[in-house]
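Architecture at a glance
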Amino acid sequence: MTSAPLRLLFIGGTGTISAAAAERAVALGHRLTVLNRGLSSERPVPPGTELLQADIRNAAEVAEVLSGREFDVVADFISFTPEHVAASVELFRGRTGQYVFISSASAYQKPPAHLPILESTPLRNPFWKYSQDKIACEDLLVRAYREEGFPVTIVRPSHTYDRTRIALLGGWTDIHRMREGLPVIVHGDGTSLWTLTHTDDFAVAFVGLLGRPQALGESYTITSDEALPWDQVYRLFATAAGVPEPELVHIASETIAAHSPELGPALLGDRSHSVVFDNTKIKTLVPWYQAEIPFAAGAREIVRWHDEHPGIKHVDQDFMKLSEQLVQWARRPIKQLKGQDHGTCSDRQAQ
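Small disclaimer: the values here were computed from a predicted structure and weren't measured. (Residues numbered from 1 in each chain as written. Predicted model: local features only at pLDDT ≥ 70, side-chain atom pairs only at ≥ 80, totals over all residues. Heavy atoms only, no water.)

Here we come to the overall build of the protein chain. Secondary structure assignment for the protein chain yields 13 helices and 12 strands. Computed over C-alpha atoms, the radius of gyration of the protein chain comes to 22 Å, within 12% of the 20 Å expected from 2.2 N^0.38 for 351 residues, which places it in the range of a compact globule. Across its three principal directions, the C-alpha atoms of the protein chain cover 70 × 45 × 40 Å. Considering the protein chain as a whole, with its 351 residues, one finds that 51% of them fall into the buried category. Once local pairs closer than 6 in sequence are excluded, the contacts in the protein chain between residues at least 24 apart make up 75%. (Helix = DSSP H or I, 4+ residues; strand = E, 2+ residues; numbered from the N terminus. Rg over C-alpha atoms; globule rule 2.2 N^0.38 Å. Buried < 20%, exposed > 50% of the residue type's maximum accessible area, 1.4 Å probe, protein only. Contact = heavy atoms within 4.5 Å.)

See the structure below:
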C-alpha cells in the first residue's frame, strides 16, 4: 500500500467477520494486533499478526496487556451490551484515533416502513433483545462522541457469512433433509427478500473505513447489493447440494416462533422481514467497494467445505422433529382447517 500503515487493534479477530477483516488489513500492509482469549482455532490469524491473550471482560487483565499501548484504530467485534461498550470507552479514551463498533443491521426499524434501508432509517426492534442491546450500545457511543468527542464509527452489517455459516433456518439439517428427499420448512411465503454478504466482500469496505477521519461520528451499512427471496436462497443451497428440486413447505413465521423459542426472536426480529439496503454512503467513502461474490457462488463454497469436513455436518434431531411436526400441520386436510386460526399451530397434531 502507498500510505503509511495503520496500527490496528482488533478485539476478537477470529470470528466470521473479523477474521476476513484481519486478512485484508494484513494484506494491505497494516500492523495488526489481535486481542482475544486464545480459545478459537477455527480461523487462525494471518501471519505477522501480533497476538495478545486476555479476556476483554477482565479490566485488570486487559489493562496489563495493553499497558502503554496506543493505536490508530481499535475495532471492537465482540461488544454486545451497553456495559461492554462503556468499559471500552473507559479503556480506550485518549488511546485511539478511531473506535469502530460492530453493530447490526437488525437494529434498523422492524418492520421497515420503507425500502431500501438507509443509515437514516430509525433504529427500533421490538422483537429481539440482541438488536435492542446493539441499539443501546450505539446510543451510549453517540452520546460519548457528542459530549466528549470519543472517536466512534459505527458499522452495521447484515447477514455476513463465510464457508462455515449456513444461512438456512435449520443449518446443515436442512441440507440433510433436502438430500434425503424430505420436505424443508421455509418461513412465511418464501418471497420476502434477504441480503447475504460474503465476509471477503465485507472486509474490503470495512478496512477501507479504518483511519478515515471523515468516518468519525458516522454510521455505515455494509452489505451486498444482491437481495434474494428466501425460496431462492433455499434453492441455491439445494443446487449446491446436488438436489434438483427441493420440497419447500411454507410456514408462518409466527407459527415457527411459537413452537421454537430459540428460533423465534431472530426470525421475528430480522429474517421474516424483507431487507434491501442502500450502500451509497459506504461507497462514497470507499469508492472501490463493490460486493463481487454472488450468493450462488457462496452457497457452493459452503456446501463444498462442509462435505470436505464431515465431522461438522451435524443433524439436529430437535429440528428434524420440529420440521416433521410443522409439515404435518401444514398438510392437514382442508376440512380440518375450517374454523381454526391458520397463523398458529395449536391443534394436537402439532403439539
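One pass over the structure, following the stated rule, counts 13 aromatic pairs. Relative to phenylalanine 206, the ring of phenylalanine 77 has its centre 5.4 Å away and its plane inclined at 50°; by these criteria the two rings are tilted. You can see phenylalanine 77 sitting in the loop between strand 4 (73–76) and helix 3 (82–92) and its partner phenylalanine 206 sitting in helix 6 (residues 199–209), a full 129 residues away along the chain. Residue phenylalanine 77 is classed as buried on the basis of its relative accessible area of 11%. Centroid distance tyrosine 108 to phenylalanine 277: 6.4 Å. Interplanar angle 45°. Geometry classified as tilted. Here tyrosine 108 is found in the loop between strand 5 (99–102) and helix 4 (129–148), whereas its partner phenylalanine 277 is found in the loop between helix 9 (264–271) and helix 10 (280–285), with 169 residues between them in sequence. Over the ring of tyrosine 220 we find lysine 281; its NZ or CZ atom is 4.9 Å from the centre of that ring. (Phe/Tyr/Trp six-rings, centres within 6.5 Å; stacked < 30°, edge-to-face > 60°. Lys NZ or Arg CZ within 6 Å of the ring centre and 35° of its normal.)

Let us look at unusual backbone geometry. A cis amide bond links lysine 110 to the next residue, proline 111, at an omega of -10°. With respect to the element layout, proline 111 can be found in the loop between strand 5 and helix 4. Residue proline 116 is bonded to the preceding leucine 115 through a cis peptide linkage, with omega at 0°.

Interpretation in functional terms is not warranted from these geometric data alone.
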